[in-house]
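Chain residues, written in single-letter form:
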Amino acid sequence: MRIPWKHAVVTGAVLALAAPLGLSAVANAVVANGATNSAATNSAAAYAAEANVALGKPITASSVTQDYVARNANDGNTGTYWEGAGGQYPAHLTVDLGAEADLARLVVTLPPADVWSSRTQTFSVLGRSDGEPGFRTLKASAAYAFSPASGNTVEIPLAGQADEIRLAFTANTGAGSGQVSELRVWGTPTGAEPTPDPTPTPSPTAGPNHALNRPATASSVQWTYGAGNAVDGNTATYWEGAAGQYPSTLDVGLATPTQLTSVRVRLNPDGVWAARTQTFSVLGRTGTGEWQELKASAAYSFAPGSGNVVNVPVTGTASDIRLRFTANTGAGNGQVAELEAYGVPSPEPTPTPTPTPTPTPTPTPSPTPTPTDPPVDPTRGAPVPYTTYEAEDGTYTGTLLQTDPQRTFGHTNFATESSGRESVRLTGTGQRVEFTSTVPTNSIVVRNSIPDAASGGGQEKTLSLYADGQFVQKLTLSSRHSWLYGTTDDPEGLTNTPGPDARRLFDESHALLGRSYPAGTRFSLQRDAGDDAAWYVIDLIELEQVAPPATKPAACTSITEYGAIPDDGIQDTAAIQAAVTADQNGEIDCVWIPAGQWRQEKKILTDDPLNRGQHNQVGIRDVTIRGAGMWHSQLYSLIQPQDAGGINHPHEGNFGFDIDDNTQISGIAIFGSGRIRGGDGNAEGGVALNGRFGKGTTISDVWIEHANVGAWVGRDYSNIPELWNPGDGLRFTGMRIRNTYADGINFANGTRNSTVSGSSFRNTGDDALAVWASRYVKDTSVDIGHDNHFRNNTVQLPWRANGIAIYGGYGNTIENNLVSDTMNYPGIMLATDHDPLPFSGTTLIANNGLYRTGGAFWNEDQEFGAITLFAQGRDIPGVTIRDTDVVDSTYDGIQFKTGGGNLPDVRLTNVTIDRSTNGSGILAMAGARGNAILSDVTVTNSRDGDIVKEPGSTFTFTGQ
């Protein structure tokens, strides 16, 4: 049975360990070279004044072996560990304590003695304070003996202050690099009050507990220990904040303003909950007023002998109560089994605490009037279940960001990368974006940007969500998957190392809310005092009424029957693979992925028994995988693909599925670990769905984020020729693909008769949708990409390349789509670059809407139209563009680009082009060859003219 580490706490001490040592075990530890006997030099009282300031804090390593990543070294679990890459000395393990701390000692452990043998590791201990250019030596390099007889633990006394600690390994007799299961840094944050106040004696309380079963929210949650547990009347359940994320808050909304007399905080009285001290303050507010302190921060002792309860007298009137935690000697954050509030309901609010009136924000006038786009044709785009609200269309007290007329991209241009080319920046406490919902919702998605970490790699910050003036919860925003730097247009030339020019500035945060809110709710995203990013840029918000988790079909077998455990942070790959293999072998009929967070660090595939090729290239077949819904059944990865190991190619990643034939997947999410497309020392982004795909494959209602590619359909014929099986008759529906580093879905390698429909794509790093009739096929005269269809999809904000593209083939169509806000390339493009097999037959572009598309690329020297036809070296015959609206293009509306091929008889019928901002309505470039036949084409408000031929062009226009 797995025991949560927070329960394994030594009585009278502050050690909260996964494999508890106790003070006596530490006292008897055998260490070497400056490691001391802790019991001989420190009293229990001295230990109680300290905390493990490294627990759950950001931690990095100079290298990693397989999936033994740095975060394993401070997760509170001695069963997991970090290991550096073999032979890559010196190997560094660095933890950011988050604040300056007075250092007392450092404890390094390896996994339990029944698992690991003795070894000696040689390392030094370094420290750095904020503002220091480099690390200084806290303890010179020495050899430390780890032995089962001493609990595989060494303890090293420290002195001084630091806010970062680094171990620098140079040798290990038991492995090829440094190894650490837990790095514990004991000390006291500077400015902390280590001496606990006397614990108030619980006194009789009059009247009911006004917090019982009231709405409760928290700034963060550890695992499944949610805020609602703290008001359910059951001390066997509890809330716990996410490890290390101080300060953390627990809020309870009372039914009415109440004249409070006391607040009681309980932990489970069971003896398994050993003594601990928690430091917190009590705050209150009435209505939408500011939070007021009812009881200053103090340290409160909890002990089973006294019922594990403290009673805090307070005075004041409040309709909301907040506990604000800053320390807990027994766990990585605050813990509350029951929060109780006592007092007398007040019919009228009293002056204590005094609410501070909050002015109603008013819209900030736009410096430049924006023309109104025509209504969107309801037959176009994906039938998405959410409603989108643009930040700039609400009310706000921040700063409106608007792009320049050329929509300059690649130089840290927030507005250019924003939907509608506008967004709102919040910099001051109290600034917010407000909007009123038009639909009921129990979920939220926020497209946002926050700063990168100073040295790259991103960071997480909170932003406060309010509904009708009442605090709902903290939203966690992240920049770990955004911020690429460089001026090159080579996608593998960008880097995660900070520099002056950045792109891919935005990412998205999503959350299920604790309840449903009706239409007409006034939502606010507000920067409160605890939301400490330097700034927040809010682009858009989406609200969706998410259905409850689906129930398991009778025919399906759950992955839990193969050992998967939800929400525990431990890999479930083996269980998922075992279930899929059982289905593939006919042992079960269907794989069920229940609601929960499931960690996956290896691609699900078929292990090639013949080991053909350097990397495994055999996918799954004859498999059905179903989930409880994309909001509920979510696979996620934490290890970047290049660091994960495994038998498949790192380019394909350590998450998602390799598919060969007849596979159905629905109702799940796949959240990858990619942070870059390539470069940075062979870093990779990973592919969520890849393989041959074959026949009979359908993928529906799957949410994909943070992958290099959402779905890459097809393998080269040379990859195990006997398994050649191009995609034929594939169906992708209801897909939600966001924030990739390359394509959304690419039909390559002879894919035919396949469709993507009813799907949405946003912030892709290459073509959101593409047919690439590539040459790497069995028979180039037969295996040509043909009769593929992109219908009723919504594409937004590709940060590189096209919204939708077709490279070669025949019978392919682009119909009923909405494409908006491309950064540097067309909304729709037909082209013969990338060396495809020839175009032939017909290609149809029909009933599409394009808004603010086109852009400048390739050193910003080439300007692309909203729809661009580029016959680079081969002809593109048989093109029809009809029933299409092109609005507010960055450059030309429709562009016939210079190339060596011909564009014969392009038919433009019932096409409307309005506001070609920096170009022509229709442009034939000087080197374009061919002709266009126009019928019912309307062009208005073009800067450079309606229909323009550059000097020297032989292209002709007829009709009208």
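As the structure is a computational prediction, the values presented were derived from the model and not from experiment. (Residues numbered from 1 in each chain as written. Predicted model: local features only at pLDDT ≥ 70, side-chain atom pairs only at ≥ 80, totals over all residues. Heavy atoms only, no water.)

### Things to note about the overall build of the chain
Next, step 1: Counting its secondary structure elements, the chain contains five helices and 64 strands.
Next, step 2: Counting over 960 residues, the chain shows a buried share of 59%.
Next, step 3: Partitioning the intrachain contacts of the chain with sequence separation of at least 6 by distance along the chain shows that 79% fall at a separation of at least 24.
Next, step 4: When the accessible surface of the chain is split by element, carbon and sulfur atoms take 51% of a total near 33800 Å². (Helix = DSSP H or I, 4+ residues; strand = E, 2+ residues; numbered from the N terminus. Buried < 20%, exposed > 50% of the residue type's maximum accessible area, 1.4 Å probe, protein only. Contact = heavy atoms within 4.5 Å. Areas by Shrake-Rupley, 256 points an atom, 1.4 Å probe, with all protein chains shown as cover.)

### Describing the side chain of T868
Next, step 1: Of note, T868 is situated in strand β57 (residues 867-870).
Next, step 2: Owing to a relative accessible area of 0%, T868 belongs among the buried residues under this scheme.
Next, step 3: Once residues lying within four places of it in the same chain are set aside, the contact partners of T868 are P826, I828, M829, L830, Q895 and K897.

### Re unusual backbone geometry
Next, step 1: In this model, Y89 is joined to P90 through a cis peptide bond whose omega is -10 degrees.
Next, step 2: Considering the arrangement of structural elements, one finds P90 in the loop between β3 (82-83) and β4 (91-109).
Next, step 3: Geometrically, the link from Y246 to P247 is a cis peptide bond, its omega value of -10 degrees lying close to zero.
Next, step 4: Although it is not a glycine, D622 adopts a positive phi angle of roughly 55 degrees.
Next, step 5: With respect to the secondary-structure elements, D622 resides in strand β35 (residues 620-627).
Next, step 6: Here D622 falls in the partly exposed class, since its relative accessible area comes to 41%.
Next, step 7: For N941, which is not glycine, the phi torsion reads 55 degrees and is therefore positive.

### With respect to the pairing of strand β53 (residues 843-846)
Next, step 1: Of the two faces of β53, the one lined by T843 and I845 and the one lined by L844 and A846 are each fully buried.
Next, step 2: Across four bridges, the pairing between strand β50 (residues 812-815) and β53 is parallel. Residue pairing in the sheet places N812 in a bridge with T843 of β53.
Next, step 3: The pairing of β53 with strand β58 (residues 879-889) spans four bridges and is parallel. Among the inter-strand pairings, I845 is bridged to a residue of β58, identified as I881. (Pairing = 2+ DSSP bridges.)

### Details of the state of the cysteines
Next, step 1: This structure, assessed with the given rule, holds one disulfide.
Next, step 2: Sulfur-sulfur distance for the disulfide between C556 and C590 comes to 2.0 Å. When the S-S torsion is 70 degrees, as for the bridge of C556 with C590, the disulfide is right-handed. Separated by 34 residues along the polypeptide, C556 in the loop between β31 (536-544) and β32 (557-558) and C590 in the loop between α4 (573-584) and β33 (591-593) bring together distant segments of the chain. (Disulfide = S-S within 2.5 Å.)

### A word on the sheet that holds strand β25 (residues 460-467)
Note: strands within a sheet are paired through backbone hydrogen bonds, in either parallel or antiparallel orientation.
Next, step 1: Taken together, five strands build an open sheet; the order of strands is β20-β23-β30-β25-β26 and the sheet is antiparallel. Of all the strands in the sheet, the pair left with one neighbour each is β20 (395-396) and β26 (470-478).
Next, step 2: Relative to strand β30 (residues 522-526), strand β23 (residues 432-436) runs antiparallel, the two being bridged by five bridges. Note on β30: the bridge partner recorded for V433 is L525.

### Some words on the nonpolar core
Next, step 1: Ranked by internal contacts, the top residues of the largest apolar core, which has 76 residues, are F657, I670, L689, F732, I745 and F896.
Next, step 2: Those residues in contact with I745 that sit more than four places away from it in its chain are A711, F732, M735, I737, V756, F761, A768, L769 and A770.
Next, step 3: Of all hydrophobic cores here, the second largest spans 34 residues; its members include Y225, A298, Y300 and L339. (Core = buried A, V, L, I, M, F, W, Y, C linked by side-chain atoms within 4.5 Å.)

### What to know about the pattern of salt bridges
Next, step 1: Taken as a whole and assessed by the stated rule, the structure comprises 40 salt bridges.
Next, step 2: R266 is paired through a salt bridge with E340; the nearest N and O atoms lie 2.7 Å apart. Of this pair, R266 sits in strand β13 (residues 248-266) while E340 sits in strand β18 (residues 338-345), and the two are 74 residues apart along the sequence.
Next, step 3: The partner of R621 in a salt bridge is D661, and the shortest N-O contact between them spans 3.7 Å. Linking R621 in strand β35 with D661 in strand β37 (residues 657-671), this pair joins segments that are 40 residues apart in sequence.
Next, step 4: Each of R407, D888, D914 and R915 takes part in one network of salt bridges that share partners. (Salt bridge = Lys/Arg side-chain N within 4 Å of Asp/Glu carboxyl O.)

### Points about the pairing of β13
Next, step 1: In terms of residue burial, β13 counts as a mostly covered element, since 14 of its 19 residues are buried.
Next, step 2: Relative to β13, strand β11 (residues 216-218) is paired through three bridges, and the arrangement is antiparallel. Paired with A216 across the strands is V252, a residue of β13.
Next, step 3: One ladder, built from 14 bridges, connects β13 with strand β16 (residues 309-328); its direction is antiparallel. Residue R266 lies in a different strand from β16, and its bridge partner there is V309.
Next, step 4: As judged from the eight bridges shared by β13 and β18, these two strands associate in the antiparallel manner.

### Digging into the environment of V309
Next, step 1: Along the chain, V309 turns up in strand β16.
Next, step 2: We classify V309 as buried; its relative accessible area is 8%.
Next, step 3: Expressed as a C-alpha distance, the spacing of V309 and P269, which sit 40 residues apart in the sequence, is 8.0 Å.

### With respect to the packing of aromatic side chains
Next, step 1: Scanning the model with the defined rule gives 32 aromatic pairs in all.
Next, step 2: Between the aromatic rings of F732 and F747, the centroid separation amounts to 6.2 Å while the plane-to-plane angle is 40 degrees, which identifies the pairing as tilted. A residue pair is termed long-range when its members are at least 10 positions apart, and F732 in strand β41 (residues 731-733) and F747 in strand β43 (residues 745-747) qualify at 15 residues.
Next, step 3: F732 gets classed as buried once you look at its relative accessible area, which sits at 1%.
Next, step 4: An aromatic cluster is present here, built from F414, W483, Y485, F506 and W535 joined pairwise through their rings.
Next, step 5: Just above the ring of F655 sits the side chain of K603; from NZ or CZ to the centre is 5.9 Å.
Next, step 6: Sitting over the ring of F870, K897 keeps its end group 5.7 Å from the ring centre. (Phe/Tyr/Trp six-rings, centres within 6.5 Å; stacked < 30°, edge-to-face > 60°. Lys NZ or Arg CZ within 6 Å of the ring centre and 35° of its normal.)

### Some details on α4
Next, step 1: Taking 1.5 Å as the rise per residue, α4 with twelve residues should run 16 Å; its terminal C-alpha atoms sit 16 Å apart, in good agreement.
Next, step 2: Along its buried surface, α4 packs onto β33, β34 (596-599), β35 and β36 (633-636).
Next, step 3: The first or second residue beyond α4 is G586, which carries a positive phi of 80 degrees. (Expected span 1.5 Å × (residues − 1).)

### Here's the deal with the confidence of the model for the chain
Next, step 1: Per-residue pLDDT for the chain averages 88, and the proportion of residues at 70 or more is 90%.
Next, step 2: Contacts for the low-pLDDT stretch residues 1-48, under 50 throughout, to residues beyond four places or in other chains number 101 contacts.
Next, step 3: Counting interchain partners and residues more than four positions distant, the pLDDT-below-50 stretch residues 348-369 has 37 contacts. (pLDDT = per-residue confidence, 0-100.)

### Points about the environment of G334
Next, step 1: As for its position among the elements, G334 is in the loop between β16 and β17 (335-336).
Next, step 2: The exposure class of G334 is buried, given its relative accessible area of 0%.
Next, step 3: For the pair G334 and A242, spaced 92 residues apart in sequence, the C-alpha separation works out to 8.4 Å.
Next, step 4: What G334 contacts, discounting residues up to four positions off in sequence, is W239, E240, G241, Y246, S248, Q278, F325 and N328.

### Topic: the environment of M823
Next, step 1: Mapped onto the elements of the fold, M823 is located in the loop between β51 (818-820) and β52 (828-831).
Next, step 2: Using a relative accessible area of 3% as the deciding quantity, one classes M823 as buried.
Next, step 3: Sequence separation between M823 and R800 is 23 residues; the distance between their C-alpha atoms is 6.4 Å.
Next, step 4: Setting aside anything within four residues of it in sequence, one finds M823 in contact with F409, T416, E417, R421, L797, P798, W799, G854 and G855.

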